[in-house]
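Here's the letter readout for the chains.
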Amino acid sequence: MALESSITRSIVLLAKSLGYWTFKIAGGPMQTSGIPDLLCVRSGKAVFLEVKRPGRRTSPLQAARIHEIRTIGGAVAEVVTSVTQAREVLA
């Protein structure tokens, strides 16, 4: 099974090939907890992607942050476990 970091790298390459400006959000003491792993922006569209290995689930805090982003509007927030899923979200 692929590591989450490997899946993330592949998704970053995909997003860039589709013309998205892509930023890997790294956790840390100054970071808001639960924010999705990637921010991809193209033509005024913001897409947050939480990358998980197949079979893994988001933590309750991650799920709450994704819900918060979706509720605010103007951005997409999804959990993806593969490049194929990411392509569908970014299309």
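The structure this text deals with has already been given above.
Draft legend 1. Layout of the overall build of the protein chain. A count of helices and strands for the protein chain gives three helices and four strands. Taken from N to C terminus, the helices and strands of the protein chain fall in the order α-β-β-β-α-β-α. For 91 residues, the compact-globule formula gives about 12 Å, and the C-alpha radius of gyration of the protein chain, at 12 Å, lands near that figure. The principal-axis extent of the C-alpha atoms belonging to the protein chain is close to 35 × 30 × 25 Å. Counting the 91 residues in the protein chain, one finds 33% classified as buried. Taking as baseline every contact in the protein chain between residues at least 6 positions apart, the subset at least 24 positions apart corresponds to 54%.

Draft legend 2. Region of interest: the pattern of salt bridges. Taken as a whole, this structure holds four salt bridges when the rule is applied. In this structure, D37 engages K24 in a salt bridge whose closest nitrogen and oxygen atoms are separated by 3.9 Å. With D37 in the loop between β1 (21–24) and β2 (38–42) and K24 in strand β1, the pair connects residues that are 13 residues apart, well separated along the chain. Residue K24 is classed as partly exposed on the basis of its relative accessible area, which comes to 43%. Residues E78 and R70 are paired through a salt bridge, measuring 3.2 Å at the closest nitrogen-oxygen approach. Residue class for E78 comes out partly exposed when judged on its relative accessible area of 29%.

Draft legend 3. Broad picture of unusual backbone geometry. In this structure, S43 is a non-glycine residue whose phi angle is positive, near 50°. Positionally, S43 belongs in the loop between β2 and β3 (45–51). Judged by relative accessible area, which is 76%, S43 ranks as exposed.

Draft legend 4. Inspection of the packing of aromatic side chains at higher detail. Tallied over the full model, the rule gives one aromatic pair. For the pair W21 and F23, a centre-to-centre distance of 6.0 Å together with 5° between the ring planes defines the contact as stacked.

Draft legend 5. Representation of the nonpolar core in the model. Residues I11, L38, C40, V47, L49, V80 and L90 are the most contacted members of the largest nonpolar core, which totals 15 residues. Every element with two or more residues in this core is listed here: α1 (4–17), β2, β3 and α3 (83–90). Top contributing element to this core by residue count: α1, with five residues. Once residues lying within four places of it in the same chain are set aside, the contact partners of V80 are I11, L49, E50, V51, K52, Q85, A86 and V89. Listed in part, the seven residues of the second largest apolar core include I25, A46, I66 and I69.

Conventions and cut-offs
Residues numbered from 1 in each chain as written. Predicted model: local features only at pLDDT ≥ 70, side-chain atom pairs only at ≥ 80, totals over all residues. Heavy atoms only, no water. Helix = DSSP H or I, 4+ residues; strand = E, 2+ residues; numbered from the N terminus. Rg over C-alpha atoms; globule rule 2.2 N^0.38 Å. Buried < 20%, exposed > 50% of the residue type's maximum accessible area, 1.4 Å probe, protein only. Contact = heavy atoms within 4.5 Å. Salt bridge = Lys/Arg side-chain N within 4 Å of Asp/Glu carboxyl O. Phe/Tyr/Trp six-rings, centres within 6.5 Å; stacked < 30°, edge-to-face > 60°. Core = buried A, V, L, I, M, F, W, Y, C linked by side-chain atoms within 4.5 Å.

Shape is all these values report; function is a separate question.
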